[in-house]
Amino acid sequence: MHHAHHGAGASWRTAAQATLHCLTGCAIGEVLGMVIGTAAGLHNAATVVVSIALAFVFGYALTMRGVLRAGLPVRQALKVALAADTVSIVVMELIDNTVMVGVPGAMDAGLSQVLFWISLAGSLALAFVVTTPVNRWMIGRGKGHAVVHAYH
């Protein structure tokens with residue numbers, strides 16, 4: 001696997017892999033938050049807040065799991081996760097929640113309705129497409145997911 005180094009251009013493959021890694025944690029949190037908020041009948045704003053919070057928790061947790069396995073202490077692993085994933089998660093959450101709120105009826109659709117699931121899947125796919133170039137730019141500058149590469 002090709003890993004970009006500081007100052008070198010990052011490959012699209014590396015950026016896509018980093019984005020997919022981040023998307024996995026974000027999607028777990030986002031889907032869980034949307035399901036919890038919708039099932040509990042929370043107001044749309046509360047559902048979005050729960051989804052964003054859980055996306056950050058799961059996004060950071062997946063990164064921390066890997067770097068903790070590499071032998072880093074918890075405090076250092078948290079620093080690596082924050083440096084690696086914060087911008088990526090912010091961009092993803094901006095995109096996918098904007099789509100969910102912007103699609104008429106998506107946030108009010110029940111869990112058994114296709115509109116809810118199609119909107120959620122589409123929002124995550126769009127978040128991946130928009131975040132990949134951001135991650136490529138950051139990795140090429142030794143930032144973002146590039147800080148995790150030393151621990152793989």
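The preceding data block contains the structure.
Residues numbered from 1 in each chain as written. Predicted model: local features only at pLDDT ≥ 70, side-chain atom pairs only at ≥ 80, totals over all residues. Heavy atoms only, no water.

(A) Representation of a nonpolar patch on the surface within the structure. Taken together, Leu 126, Val 129 and Val 130 make up a surface patch of nonpolar side chains, about 230 Å² in accessible area. Inspection of the secondary structure puts Leu 126 in helix α4 (residues 114-140). Classification of Leu 126 by relative accessible area gives partly exposed; the value is 39%. (Patch = residues over 30% accessible without salt bridge, like charges linked within 9 Å, V, L, I, M, F, W, Y side chains within 5 Å. Areas by Shrake-Rupley, 256 points an atom, 1.4 Å probe, with all protein chains shown as cover. Salt bridge = Lys/Arg side-chain N within 4 Å of Asp/Glu carboxyl O. Helix = DSSP H or I, 4+ residues; strand = E, 2+ residues; numbered from the N terminus. Buried < 20%, exposed > 50% of the residue type's maximum accessible area, 1.4 Å probe, protein only.)

(B) Highlighting helix α2 (residues 44-69). For α2, with 26 residues, the first-to-last C-alpha span of 37 Å sits near the 38 Å given by 1.5 Å per residue. Within α2, the full set of buried residues consists of Thr 47, Val 48, Ser 51, Leu 54, Ala 55, Gly 59, Tyr 60, Leu 62, Thr 63, Met 64 and Val 67. (Expected span 1.5 Å × (residues − 1).)

(C) Representation of the packing of helix α1 (residues 12-39) against helix α3 (residues 74-102) in the model. Orientation of α1 relative to α3, taken along the N-to-C sense of each, is 45°, at an axis distance of 10 Å. For the element pair α1 / α3, the angle class is oblique. In the packing of α1 onto α3, the handedness of the crossing is right-handed. When α1 is examined against α3, the residues Thr 19, Cys 22, Leu 23, Cys 26, Glu 30 and Met 34 are found in contact with a partner set consisting of Asp 85, Ser 88, Ile 89, Met 92, Glu 93, Asp 96, Asn 97 and Met 100. (Axes fitted to C-alpha atoms, helices over the stretch in contact; angles between N-to-C directions. Parallel < 35°, antiparallel > 145°, perpendicular 65-115°, else oblique. Left-handed = near helix turned anticlockwise from the far one by under 90°. Contact = heavy atoms within 4.5 Å.)

(D) Structural context of the packing of α3 against α4. One can describe the packing of α3 onto α4 by two numbers: an axis separation of 8 Å at closest approach and a directional angle of 150°. The orientation of α3 relative to α4 falls into the category roughly antiparallel. As for the relative orientation of α3 and α4, their crossing is right-handed in sense. Only Phe 116, Ser 119, Leu 120, Ser 123, Leu 124, Leu 126, Ala 127, Val 130, Thr 131, Val 134, Asn 135 and Met 138 of α4 make contact with α3, whose side of the interface consists of Val 87, Ser 88, Val 91, Met 92, Ile 95, Asp 96, Val 99 and Met 100.

(E) Summary view of the packing of aromatic side chains. Taken as a whole and assessed by the stated rule, the structure comprises two aromatic pairs. Pairing Phe 56 with Tyr 60 gives two aromatic rings, centres 5.7 Å apart and planes at 55°, and the pair type is tilted. Taken together, the residues Phe 56 and Tyr 60, both in helix α2 and four residues apart, mark about one turn of the helix. Relative to Trp 117, the ring of Phe 116 has its centre 4.8 Å away and its plane inclined at 90°; by these criteria the two rings are edge-to-face. Exposure remark for Phe 116: the relative accessible area of 0% places this residue in the buried category. Its relative accessible area of 38% is what places Trp 117 among the partly exposed residues. (Phe/Tyr/Trp six-rings, centres within 6.5 Å; stacked < 30°, edge-to-face > 60°.)

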